[in-house]
Amino acid sequence: MINRKSLDKVLKKVEKPARYIGLEENSHNKDINNAKVKFAFAFPDVYEVGMSHLGLHILYNLINDQKDFVCERTFAPWFDMEDQMRKNNIELFTLESKEEVKKFDILGFTLQYELSYTNILNMMDLANIPIFSKDRDETYPIVIAGGPCAFNPEPLADFIDLFLIGEGEEATLELLELYKKHKEKGFVKKEFLYDAATNVEGVYVPAFYDVIYNEDMTISKRIVLESKVPEIIKKRRVRDLNNMYSPEKMIVPYIETVHDRIVLEIFRGCTHGCRFCEAGFIYRPIREKSVDSLINQAEKLVESTGYDTISLSSLSSCDYTQLDLLIHRLLDKFEDKKVGVSLPSLRLDSISIDILKEIERVRKTSLTFAPEAGSQRLRDVINKGVDESDLENAMSYAFKEGYSKIKLYFMMGLPTETDADLLGIRDLSYKVKDMFFNRPKEEKIGNFQLTTSVSCFVPKPFTPFQWCGQNSIEEFNNKIDLLKKTFKDPKIKFNYHDPKVSYIEAIISRGDRRTSKLLLKAWEYGCKFDGWSSAFNFDTWLKAIDDSEIDPYFYANRERDLDEILPWDFINAGPSKKTLIREYKKATDGKTTSDCRESCNACGIDNCEMRGVLN
Amino acid sequence: MKIRAKYTKLGYLKYLSHLDLIRLFNRSFTRSNIPVKYSEGFNPHPKLSLGNPLPLGIESVCEYFDLELIEPISPQEFKNKLNEILPTGIEIVESYGIDEMTPSISSTMCKSEYEILVDTLNSGDEIDYYLEINELLGLKNIDIEKKKKKGKSKITTIVNIRPFIFKLSVENICGNTIRLNTIVMTGEQGNVKPIELLEAINKNTKIRLDLDSFEAKKIETYSQEFEG
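Definitions and limits used
- Residues numbered from 1 in each chain as written.
- Chains lettered and ligands numbered in written order.
- Predicted model: local features only at pLDDT ≥ 70, side-chain atom pairs only at ≥ 80, totals over all residues.
- Heavy atoms only, no water.
- Helix = DSSP H or I, 4+ residues; strand = E, 2+ residues; numbered from the N terminus.
- Buried < 20%, exposed > 50% of the residue type's maximum accessible area, 1.4 Å probe, protein only.
- Areas by Shrake-Rupley, 256 points an atom, 1.4 Å probe, with all protein chains shown as cover.
- Lys, Arg positive; Asp, Glu negative; His and termini not counted.
- Charge placed at Lys NZ, Arg CZ, Asp CG, Glu CD.
- Contact = heavy atoms within 4.5 Å.
- Buried area = accessible area lost by both parts, 1.4 Å probe.
- Salt bridge = Lys/Arg side-chain N within 4 Å of Asp/Glu carboxyl O.
- Polar contact = N/O pair within 3.5 Å; in protein donor to acceptor, adjacent residues only side chain to side chain.
- Pairing = 2+ DSSP bridges.
- Axes fitted to C-alpha atoms, helices over the stretch in contact; angles between N-to-C directions.
- Expected span 1.5 Å × (residues − 1).
- Domains from an automatic or database assignment.

1. Structural notes on the overall build of chain B
Along chain B, the regular secondary structure elements total five helices and 10 strands. Viewed in the frame of its principal axes, chain B has a C-alpha envelope of about 60 × 40 × 35 Å. The burial tally for chain B puts 49% of its 228 residues in the buried class. Accessible area of chain B: about 11,500 Å², with a carbon and sulfur share of 49%. Charge separation in chain B, taken as the distance between the mean sites of 30 positive and 33 negative side-chain charges, equals 6 Å.

Next up, the structure:
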């Protein structure tokens, strides 16, 4: 346990000390010394961000419900806290027992976004753990990682001992059981890793593989170094969500976090097949929870947290087949407790007046829509199956119901994009504004404000755009200039993402084992919290790129050949590579693919739960 | 019905901000099914009012809040129900009904008594702590710098805190740790934080305190009329 007196001294000097104290409602108070396997769940960002992540709440409760296991949390300390910890020799510790992370059996990082990777290295360093997997013997925790970004684990291959690919509810417990077995008979790191790699589906141990490169830097082949270790790693997926572990408790932070509410996961996967969306491919197929089990879970969560909002979470919540019924029943149940329901980003096609009306019964929130591209042509290229009449319908519903604050999300730098597509972003925004002000006087309710946000497209693994080059920073800046000039209305706020950040994200997200060098250098030069614009330092990243001798163009901007071996090809994420190639070709032809609820597009998932549904 | 509750803020929960505390209470009311009265309007919230904010990092055994209810509930039941829900460290120690005309907590409970433990950097019998503190209290002016937020900018003003110090005494000295007891004004008419008092000691006397080491606990609150 860390020195509590030093901690107390330090906490008096830092901003938001409650980030580091734990003790929240529904955090566990198990005796860590009685646990057979101690698991430290590490979120490589600051507390408020990490605590808003649903996966943390699921795995935390899942593990702590087991008698033999204990799970405690640790987050990246903010700059002031890190400074104090280093000055006062306080190692990275868990919030629950204030125990050094180094003393845990397993340290598990969740990989939610690539720009948190430098924080992973920094946290290992703060924990006094060697950063390279090869330098850690049995006296250190096994360092594992999972989450969406683990689908391309290679940039972190030198640092992480073991990756879990896919959904963690079942695999995590299997892994912990295996660890327990090995600990009981005398733990040998390599033996444990080998056992996990050969017996737990979804486990990837980078040390058991090598990669050979061509002269042009592309991959020549992957070599399996140990017998019986699988060549292809198959992602884990939970087949029956109704019988899956669902938490009835959520830790309730004392300080304000990004999402202070109950997160009710209503389904996994998505059927739309938007071609830019990694989540839409790697979480296939769609699996819904039943209304009854959701109501039951919501009731327990309201009781155990005291939160006043239930957020219906999924990749596209309006797709839930019984959404009306679910919302009705939730609102009826909790109206007297002043508990409201909120829906994250809505799709334009599926929104209905009833849903908006229902949500409004308790509390009005602003509405967010994501047309993603400004023109129909480009929306077809990315297979975003909405058109302008969808937008018009949704807006007139929204305005009629009294919503006056609207947010629109777009991307720039999408494949085949032209200036005309970009100007479509402006046209759509003005159209929304005009629709509001062209309404009869008595129907103009509220103070209209439109926020149009444009982000820079980052091509991602396991999408049909995984072969595409990203726009250069210069191209992005030109596009921003073009758009900026056209937005001249005080009622419309134009926001855009920094292309420099997206450039670094693009390098890492399609990186390979050689990208590890860049991460190491960037961290050594002081990069951390790169997802925070206040902390992101592009010049330092450029220096790191220079000194690590990687070619950023090769990773970010280069168009790949379809027959190139991609760094993540050894992972079976569900949809086949053939499917991705087919979708890529259709995209360039401007052809759309139907929602897989309407007809199966044979994407290659084995034993797909969706096959035959609604047919 | 209006209820007044006295509660503690102990252990690591001394790091909860005033706003965090309000949010904690509101959630706890929901969870313990206390018939709270909500404000009208766009974003209804419980009619809850807390006393003057306790500085972050300081423990207390005597904080107060007032809460309006839509139907009566016995103060005992109120206390028991909430204590079942509240985290260790925050505990309702007393609760009683008050009438509508009762003046607010912040306007009545404006004197706070603190117990402070702090390490001294002075060595041995170098100085007489009792004498030094007495001399400090003999001053007419004890000026400290206060940072205030004015709009977006921060401004610094000089404030004489002597009129707001009603008691300051050395209770005992154990090794290099000094135990102080003080009664000071808290609230809008005048406010002295324990750390400001320690800074004033360092500035105006020969005593050199290690400000990093201080621990403070609020042990009693008094009304305006109280003369310490």
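2. Some remarks on the overall build of chain A
For chain A, the count of helices and strands is 20 helices and 19 strands. Each of the three principal axes of chain A carries a C-alpha extent, and together these read 75 × 65 × 55 Å. Put simply, chain A has 615 residues, and 61% of those count as buried. Long-range contacts, defined here as pairs at least 24 residues apart, represent 77% of the contacts in chain A between residues at least 6 apart. Of the roughly 23,700 Å² that chain A leaves accessible, carbon and sulfur atoms contribute 47%. Across chain A, the mean location of the 87 positive side-chain charges is 2 Å away from that of the 99 negative side-chain charges.

3. Observations concerning the interface of chain B and chain A
Contacts between the two partners involve 23 residues from chain B, matched on the other side by 30 residues from chain A. Between chain B and chain A, a total of about 2,400 Å² is buried, with carbon and sulfur atoms accounting for 55% of that surface. It is B:Y12, B:Y15 and B:R31 that lose the most area in chain B upon contact with chain A, and together they represent 31% of the buried surface on that side. At the junction of chain B with chain A, the criterion picks out four salt bridges. Among the ionic pairs, A:K13 bridges to B:D212, the shortest N-O distance being 2.6 Å. Along the contact surface separating chain B from chain A lie 11 residue pairs in polar contact (both at pLDDT 80 or more). Of all elements in the fold, only α1 (18-31) and β10 (209-223) of chain B reach the threshold of two or more residues within the side of chain B that touches chain A. Top contributing element to the side of chain B that touches chain A by residue count: α1(B), with six residues.

4. Quick look at the environment of B:P35
All names here are of chain B. Topologically, P35 is positioned in the loop between α1 and β2 (48-50). When its relative accessible area of 16% is taken as the criterion, P35 is described as buried. For P35 and E132, which are 97 residues apart along the polypeptide, the C-alpha to C-alpha distance reads 53 Å. Not counting residues within four places of it along the chain, the set of residues in contact with P35 comprises L69, I70, E71 and I73.

5. Let's talk about the sheet that holds strand β18 (residues 492-496) of chain A
All names here are of chain A. Taken in spatial order, the four strands of this open sheet run β15-β16-β17-β18, and their pairing is parallel. If you trace the sheet from one side to the other, it starts and ends with β15 (367-372) and β18, each paired once. Pairwise comparison of adjacent strand axes, ignoring direction, gives a mean angle of 20° for this sheet. Looking at chain direction, strand β17 (residues 449-456) and β18 are connected through five bridges and run parallel.

6. Notes on helix α14 (residues 419-437) of chain A
The terminal C-alpha atoms of α14(A), which comprises 19 residues, lie 28 Å apart, in line with the 27 Å expected from a rise of 1.5 Å per residue. Listed in full, the buried residues belonging to α14(A) are A:D421, A:L422, A:G424, A:I425, A:L428, A:S429, A:Y430, A:V432, A:K433, A:M435 and A:F436.

7. Re the domain arrangement of chain B
Residues and elements named next belong to chain B. As assigned here, chain B comprises domain 1 (2-102) and domain 2 (108-223). Computed over C-alpha atoms, the centres of domain 1 and domain 2 are 29 Å apart. Taken together, the contacts link 13 residues of domain 1 with 13 residues of domain 2. Here domain 1 meets domain 2 over a buried area of about 1,000 Å², counting both sides, of which 61% is carbon and sulfur. Among the residues of domain 1 in contact with domain 2, N52, I58 and C62 are the three that bury the most area, contributing 41% of the side total.

8. Here's the deal with the side chain of B:K146
All names here are of chain B. Its place among the elements puts K146 in strand β6 (residues 143-150). Reaching out from K146, the side chain makes a polar contact with the side chain of E196 at a distance of 3.0 Å. In this structure K146 touches I155, T156, T157, V159, N191 and E196, once residues within four positions along its chain are discounted.

9. Things to note about the side chain of A:E167
All names here are of chain A. If you trace the backbone, E167 turns up in the loop between β5 (162-164) and α6 (168-184). E167 gets classed as buried once you look at its relative accessible area, which sits at 8%. Reaching out from E167, the side chain makes a polar contact with the backbone nitrogen of V238 at a distance of 2.7 Å. Within polar-contact distance, the side chain of E167 engages the side chain of R287 at 2.8 Å. Beyond its immediate chain neighbours, meaning those up to four positions away, E167 contacts R236, R237, V238, R268, Y283 and R287.

10. Things to note about the pattern of salt bridges
Counted under the stated rule, the structure contains 62 salt bridges over all chains. As a salt-bridge pair, A:R73 and A:E96 come within 2.7 Å of each other at their nearest N and O atoms. With A:R73 in strand β2 (residues 69-75) and A:E96 in the loop between α4 (79-87) and β3 (106-110), the pair connects residues that are 23 residues apart, well separated along the chain. One salt bridge in this structure joins B:E196 and B:K146, with 3.0 Å as the shortest N-O distance. Of the two residues, B:E196 is situated in helix α5 (residues 194-204) and B:K146 in strand β6; the sequence distance between them amounts to 50 residues. Comparing B:E196 with B:K146, the two get one shared label, buried. Through salt bridges with shared partners, one network takes in A:K36, A:K67, A:D68, A:E177 and A:K180.

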